[in-house]
Amino acid sequence: MKVDDSENEQAKTDPSASETAVLSPREQIFQAMEKHTRRKAMEFKKVEGLFNQCLSFNDGAIPDRISQHDDQHHREFTNVRSAPPFVFGDQALGINPAEPYDVVWPFARGQPCRDTIVTVGSEPDTPDSLPMYRGTLCAGVESIVTCIAAIWRSMLEQDLRIPALQFSNYKAVIIVPDFVDRGMIKLLMRVALEELQFHAVMLQQDSSAATFAAGISSACVIDIGDQKISVSCVEDGIVLGNTRVLLNYGGYEVSEAYGWLLQRLGCAFVGKLDLRQPHNWHQLREWKEAHCHLVPQEDTFPPSYIQTLNCHIRSFGKPTLSYKCRVSDEPIKAPMGVFFPTAFSMAHSPLMRLIENVTEDCEDVFDTTREITQEHDTMLVQVALQATECGEFAQIRSASSPVMSLDEAVLCSIDRCPSDDMRRRMLQSILLVGGGAKTAGLEAMIEARIACELARQNRSAQPVVLSNVRNLDSQHICWKGATVTARLPGSDDMFILQHEWRKRKLQAVKAKTIFAWN
């Protein structure tokens, strides 16, 4: 009888105990994430009734109407009255949905949209997800080549003021992903040397370029993008092929999670947005960039642990609507999903799919069909493994393994280094790059979680995460590295000339690249 009384008393003092049974699967994941972060990482103090306080305030929120000339952050939507055949870049995302244009993406998840592709965006199958933005993906190699050539030509002519007739006087450095394959290299070389007619082209992997820009010879590079996260170890400017780890989630999933958390908190204006339209999805991404962080609450928020945020909704030909909403730890929970990626996979399953379409290339005499090896590795979902001494790699996916978190991916990459000394050096030089690296507090959070795991394994190494090296924008650091590489002594030997490409194709590329590719 005493046991029953104590259980009833606990249910009265802890409302979450009685609500657990009615929580959806994704809500249970975020609730478990909250308890984990408060207990181990940030030591938050729980405030009872916090969710209900925010919910009651947000349910009755009435927006303020702001005219365009009073909106300090007013964004001009793209004017297409002249009916241009193509619109590129950010202007393409600002076109009125009523206009007869389709937004086309030649790349998705860091890969060209070839025969097999991960769907970016999906309709909500359950209340655990939002209607995510779905762009039109290029179908076929020729369509991708045409799109990329048109985008690059427009940027060069409009932004750099280089006429197309003068492209043949320039050399180009192309930054390629760490997971680049022969198909992607062939596609990019076709665009640069055949479509745009550059004089010569050099290829460099993005992790290698990041270390050149940072002035670091060896580092474990974490590149956090919108649709994928890559982790690779670089030694003396060379990416170690067997350390490459690819995670098919990023800022895109964080934006969706943040919108879902706001909607769950009673922010009805999120549900009114048609997030399948690119300009509305862009607004949600702006809210994420402005609000989300991983800084301990006791350092930023008042003791009540509630803050009021402003969310502006801008529509075509309408006044700006400014909503005030109250949140608790939602701005932390959304980016925390990179350490609890199951919260992302609940919204759109499968989160990760193998992009591997192995076909023979009739133009490459060294091309042979490769076998996708299957090996057992704990916590491994999609990892590029060294298959031969020539650097060929196979992508492995274990259906029974959970999705790998960011800190697990970093340790998995570092542990694949060939020596203990190299592993120690990589742990003390973890370079954080990409647009997602701008999240406040992410650097310290990665350090804390890796240090916790190393202590659990009785390893004495202390991780050091570097970001904003030399005050460089983490989103553009790879391009800065490309400029450094192009000025190095002997870099002329790494450029593939037009006549070399026409004569030898991929053999010429393989002879002049310092990294391995399959």
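These figures come from a predicted structure and were not determined experimentally.

**Student:** Can you tell me about the packing of helix α14 (residues 406-415) against helix α15 (residues 420-427), naming the residues and giving the values?
**Tutor:** Running from N to C, α14 and α15 point in directions that differ by 145°, and their axes come no closer than 9 Å. Taking contact as the criterion, the partners of L411, I414 and D415 in α14 are, on α15, R423, M426 and L427. Here the residues of the contact of α14 with α15 sort into 4 nonpolar, no polar and 2 charged.

**Student:** Give me the lowdown on the sheet that holds strand β6 (residues 171-176), citing residues and values where you can.
**Tutor:** In space, the 3 strands of this open sheet follow the order β6-β7-β18, with mixed pairing throughout. Both outer strands of the open sheet, β6 and β18 (496-497), are each paired with one neighbouring strand and no more. Relative to strand β7 (residues 200-205), β6 is paired through 6 bridges, and the arrangement is parallel. Across the sheet, K171 pairs through a bridge with A200, a residue of β7. Lying over the sheet, helix α17 (residues 477-486) contacts β6 and β7, oriented at roughly 125° with respect to β7.

**Student:** Go over the environment of D59 with me, naming the residues and quoting the values.
**Tutor:** Structurally, D59 can be placed in helix α4 (residues 50-59). Note: C-alpha distance between D59 and F269 (210 residues apart in sequence) is 10.0 Å.

**Student:** An account of the nonpolar core is needed here, citing residue identities and associated values.
**Tutor:** Counting residues in each nonpolar core, the largest one holds 69 residues, and the members touching the most others are I222, F269, W287, F339, L406, V410 and I446. Examining the composition of this core, we find that 7 residues originate from one element, helix α9 (residues 251-264), more than from any other. Not counting residues within four places of it along the chain, the set of residues in contact with L406 comprises I222, I224, I229, V231, L247, Y249, V338, F339 and I446. Formed by 33 residues, the second largest nonpolar core is a distinct cluster that contains C138, I174, F198 and W517.

**Student:** Which residues make up the confidence of the model for the chain, and what values go with them?
**Tutor:** Confidence in the prediction for the chain averages 78 pLDDT; 75% of positions are at 70 or higher. Taken together, the stretch residues 39-45 has pLDDT below 50 and engages in 17 contacts with residues farther than four places along the chain or on a different chain. Here residues 347-401 is modelled with pLDDT under 50, and outside its nearest four sequence neighbours on either side it reaches 125 contacts, counting other chains as well.

**Student:** Hey, could you go over empty space enclosed by the protein for me, with residue numbers and the actual values?
**Tutor:** Evaluated as defined, the whole model comprises 4 cavities of 30 Å³ or more. In this structure, the largest cavity encloses a volume near 70 Å³. Surrounding the largest cavity, L203, Q204, Q205, S208, G237, I238, V239, T485, M494, I514 and F515 form its lining. When residues of the lining of the largest cavity are traced back to their parent elements, those giving at least two are β7 and β10 (238-239). Take the lining of the largest cavity: its biggest share by element is 3 residues, from β7. Here the lining of the largest cavity is composed, by residue class, of 6 nonpolar, 5 polar and no charged. A volume near 50 Å³ is recorded for the second largest cavity.

What counts, and where the lines are drawn
- Here, residues in each chain are numbered from 1, in the same order as that chain's written sequence.
- Under the rules for a predicted model, residues below a pLDDT of 70 receive no local features and side-chain atom pairs below 80 are neither given nor counted, while totals for whole chains, interfaces and linings still include all residues.
- Side-chain calculation: all heavy atoms of the structure are included, whereas hydrogens and water are not.
- To obtain each axis, a line is fitted to C-alpha atoms, and for helices this fit is confined to the stretch in contact; angles are then taken between N-to-C directions over 0 to 180 degrees.
- The way it works is that DSSP assigns letters per residue, a run of H or I at least four long becomes a helix, a run of E at least two long becomes a strand, and they are numbered from the N terminus.
- Two residues form a contact once any of their heavy atoms are found within 4.5 Å.
- By the convention adopted, Pro, Cys, Tyr, Trp, Phe, Met, Ile, Leu, Val and Ala count as nonpolar, Lys, Arg, Asp and Glu as charged, and the other residues, Gly among them, as polar.
- Only when DSSP finds a minimum of two bridges between them are two strands counted as paired.
- For our purposes a nonpolar core is just a set of buried Ala, Val, Leu, Ile, Met, Phe, Trp, Tyr and Cys residues, chained together by side-chain atoms within 4.5 Å.
- The buried label applies to any residue whose accessible area, calculated with a 1.4 Å probe on protein chains only, is under 20% of its type's maximum; exposed applies above 50%, and partly exposed to all values in between.
- Each residue carries a pLDDT score, the predictor's confidence in it, ranging from 0 to 100.
- Definitions used throughout: a 1 Å grid over protein atoms alone; a cavity as a set of points that fits a 1.4 Å probe which cannot get out; a pocket as an open set with protein on both sides within 12 Å along at least five of seven lines; a lining residue as one with an atom within 4 Å of a point.
- Grid points are joined across faces, edges and corners, and a volume is the space filled by probe spheres set on the points.

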